[in-house]
Amino acid sequence: MASTVKRPVSEPRILIVGLGLIGGSLAAALRAAGFGAGKEPSAGFGAAKEGAAGFGAGKEPSAGFGAAQEIVACDPYPGEIARGVEMGLIDGGATELSSVIEGASMVVLAVPVLAMRGVMVELARHLDRAAPDVVITDVGSTKAAIRDCALEAFGRVPPRLVLGHPIAGSEKSGVAAANPELYVNHKVILTPEPDTDPVALARVRAIWEASGAEVLEMAVERHDQVLARTSHLPHLLAFSLVDTLARQDDRLEIFRYAAGGFRDFTRIAGSDPVMWRDIFIANREAVLASLDDFEAGLARLRRAVEGGDGDAMLATFDRASHARHYFESLLNKTSYQAEYQMQQQGKLRYRVSPGGSVTGRIRVPGDKSISHRSIMLGALAEGVTEVKGFLEGEDSLATLQAFREMGVAIEGPHQGRVTIHGVGMHGLKAPSGPLYVGNAGTAMRLFAGLLAGQAFDTELTGDTSLTKRPMGRVADPLRLMGAVIDTAEGGRPPLRIHGGRALKGITYDMPMASAQVKSCLLLAGLYAEGETRVREPAPTRDHTERMLAGFGYEVQRDGDTCWLSGGGRLTAAPIDVPSDISSATFFLVAAAITPGADLVLEHVGINPTRIGVINILRLMGADLRLENEREVGGEPVADLHIRYAPLKGIDIPVEQVPLAIDEFPALFIAAANARGTTRLRGAEELRVKESDRLQAMADGLAAIGVEHRLYPDGIDIVGGGNAEGPNYGGGRIDSLEDHRIAMSFAIAALRAGDEIVIDDCANVATSFPGFIDLARRVGMALEEERAEEGA
């Protein structure tokens, strides 16, 4: 869990034990933040020179201590203390803990891990001289070993002991290398115990937040495992590689011609050897476990090189390459899966000026539904699948990365092109951890069916928005097929799918029209004994059936029921992903409501199960034509040409509702600009999307002054109907992190009387990368800005 609210640092006296780089940089950061600003150094300390008697053993602190906001230090080297005073980092110090403990309100232990036991024992001996509410914390990179030291020294883990670890450092050492910005935008992990005093925890948070750090919490054991893999193991490998090369006869030639990559990889081998010896000893078990994993991976790669197994090498290299890009995005706080592994994504706000035009010729990104399925079926096929037009949005990238983690070699994406080296129906391998699918409800529900038929256990997780969405609608029928699936409370993610279960085909009448549920059961049916039949109460998108047929797997349909038999195989086939009609919808509506608009959207998928938005806009009077109709890879596509024409309110036909379920947020904006009332019923499905879209849109319409009435399964919207000028005012919209809500109110600004500001827009990248650029290209005045937490 990450901290977001800064608390004031009100400690009267901070004692740093160990005034090296880490402790000195903390003091420097606190000074830079104004801690103790304006205080004159205490008598006897401020003018001290290196080696002065004032820092010797047994010296009592001067009378000046005890005044508000001091930083003092204890270090075995008098010269370090003298340097710290000269640099203005500390007010004084001593080489003996007993000389500086008096009145300390917070003690920061910044000593080597193997020195921690002795320091804690000494601290316990003199702790009664500290402030009554003294808080103790540390900076060690192994927490279980330090917790053991506390148990030995204090007999228990004191409630006001908060173990911590700043993830920052340098190859330099000593207080002279202290850097007030060392912790800025770096993480500090705190590992509180169940009975840790929450006030003590808050006080430790405060000093690190004042230093510019992002504060997270983690269990001790989890911390040691994570750090063994991400920090300790890389240091071990760097030391080993440099040592191996340095012991060879031609080492001078090797080092002379080593390129920048060698330098960058081995930079950490210049770190303090004694410190790292101590860390490897203290965190021995976790380091050995991570070393075992590395050696196993290295052995696999060696076998691939020896055997000339190009696919195996490519799978490893491609996973590593994309994992490295992912790691970079986390460091830079960019969007790609940025919420995963505790990283909070920055808040993004849209500010859209009223008015604008909509003209030109554009192509929106590839269809997300088809992009998801192309990766899934391509991975399970035999042979190599070439995909064009792949949507490079976060949801689709999450699906792609998940299959990489299950051992599938995937090249790309590069300019919408992806090459998938299929492993066959039973070739997937168990991932090393949970599969993260970001904000992709489609991916999670389809994955549930696909993974129910595998021999291994898997866990599916997603971002904060996805974890609120119901998954019982797929888990329940999968259980009827014999799958064993655990969900969180309320049938919500994460999903834990137990592999190795024999599935049996079922006949399932879907209680609601849902392409995701249908596709999930058909994918599970690939692995089931007998036939899997799904009856839908209303037509839903049929991308899964079409693509299965394209991969040579027979799917049959009779009326409202489709079915397939398990035990077949998929054969690789090329896929050309059409532009997403859901993404095109925002620009269709933008043109439909804007006087003078004339827009062409190229190569848009017009699957009969997806064209509800076209049908509804035409019923409302939109001047919308399909041009250059054709079929690509089994999917019908066309160029959509739309010009402005006055819209009228309608009663939306109930049979069109499932064909436009994702497009209704944008259609509500069309209704707000139509003459008369538009009525929608039978759309309760909108309440369980990324947000309750009926409520979210109603709230947004209210914010800009659009008359409406909300119902459990729909809404009535009274349009402004003006041929010129605004149809409503401006306002501030909470998108609830729902990309479709955000984009819908962005286009609403075209007919607004004032600015529309939309909060929480970062998730637009999950489904529509490039939305802002396209909006500006056609003539909208849209700006994005970073928003402070709580602003």
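If you're wondering where the values come from, they're calculated on a predicted model, not measured in any experiment.

Trainee: For this particular structure, what's the right way to read the packing of helix H20 (residues 664-672) against helix H21 (residues 693-703)?
Mentor: Each pair of packed helices can be described by the angle between their axes along with the distance between the axes. In the contact formed by H20 and H21, the axes pass within 10 Å of each other and the chain directions differ by 35 degrees. Regarding H20 and H21, the two cross each other, and that crossing is right-handed. Contacts from Pro 665, Phe 668, Ile 669 and Ala 672 of H20 reach H21 at Arg 693, Leu 694, Met 697 and Leu 701.

Trainee: Just checking my understanding: could you explain the packing of helix H3 (residues 116-126) against helix H4 (residues 143-154) for this structure?
Mentor: Where H3 contacts H4, the axes come no closer than 9 Å and their chain directions differ by 35 degrees. For the pair H3 and H4, the crossing hand works out as right-handed. Packed against H3, whose contacting residues are Met 116, Arg 117, Met 120, Val 121, Leu 123 and Ala 124, the element H4 presents Ile 146, Cys 149, Ala 150, Glu 152, Ala 153 and Phe 154 at the interface. Residues belonging to the contact of H3 with H4 are distributed by class as follows: ten nonpolar, no polar and two charged.

Trainee: Explain the sheet that holds strand E20 (residues 531-535) here, please?
Mentor: In a beta sheet, neighbouring strands pair by backbone hydrogen bonds and run either parallel or antiparallel. Overall, mixed pairing links the four strands, which are arranged E19-E20-E22-E21 in an open sheet. Edge strands, defined here as strands with exactly one partner in the open sheet, are strand E19 (507-509) and strand E21 (556-558). Neighbour to neighbour, the strand axes of the sheet diverge by 20 degrees on average, direction disregarded. Two elements, E20 and strand E22 (residues 561-565), share five bridges in a ladder whose sense is antiparallel.

Trainee: Is there a simple way to explain helix H15 (residues 472-480) in this structure?
Mentor: In an α-helix there are 3.6 residues to a turn, and that puts residues three or four apart on one side. Restricting attention to buried positions, one finds in H15 the residues Gly 472, Arg 473, Val 474, Ala 475, Pro 477 and Leu 478. In this structure, the buried residues of H15 make contact with helix H14 (441-452), strand E17 (484-488), E19 and helix H16 (515-525). Count one or two residues on from H15 and you reach Gly 482, which has phi positive near 110 degrees.

Trainee: I would appreciate a short explanation of the nonpolar core in the present structure.
Mentor: Within soluble globular proteins, side chains that are nonpolar tend to cluster in buried spots. Judged by nonpolar contacts, the single largest core of 83 residues is most densely connected at Phe 587, Phe 664, Phe 745 and Phe 771. In terms of residue count, the dominant contributor to this core is helix H18 (residues 581-593) (ten residues). Residues Ala 381, Val 418, Phe 456 and Leu 522 belong to the second largest nonpolar core, which totals 66 residues.

Trainee: Could you clarify how one ought to interpret the sheet that holds strand E9 (residues 214-217) in this entry?
Mentor: Read across the open sheet, the three strands follow the order E7-E8-E9; overall the sheet is mixed. Bordering the open sheet on either side are strand E7 (164-166) and E9, each of which pairs with just one other strand. Taken over all neighbouring pairs, the strand axes of this sheet differ in orientation by 20 degrees on average, direction set aside. Pairing analysis gives four bridges linking strand E8 (residues 187-190) to E9, with the strands arranged parallel. Bridging across to E9, Ile 189 finds its partner in Leu 216.

Reading the values: the criteria
- Residues numbered from 1 in each chain as written.
- Predicted model: local features only at pLDDT ≥ 70, side-chain atom pairs only at ≥ 80, totals over all residues.
- Heavy atoms only, no water.
- Axes fitted to C-alpha atoms, helices over the stretch in contact; angles between N-to-C directions.
- Helix = DSSP H or I, 4+ residues; strand = E, 2+ residues; numbered from the N terminus.
- Left-handed = near helix turned anticlockwise from the far one by under 90°.
- Contact = heavy atoms within 4.5 Å.
- Nonpolar A, V, L, I, M, F, W, Y, C, P; charged D, E, K, R; others polar.
- Pairing = 2+ DSSP bridges.
- Buried < 20%, exposed > 50% of the residue type's maximum accessible area, 1.4 Å probe, protein only.
- Core = buried A, V, L, I, M, F, W, Y, C linked by side-chain atoms within 4.5 Å.

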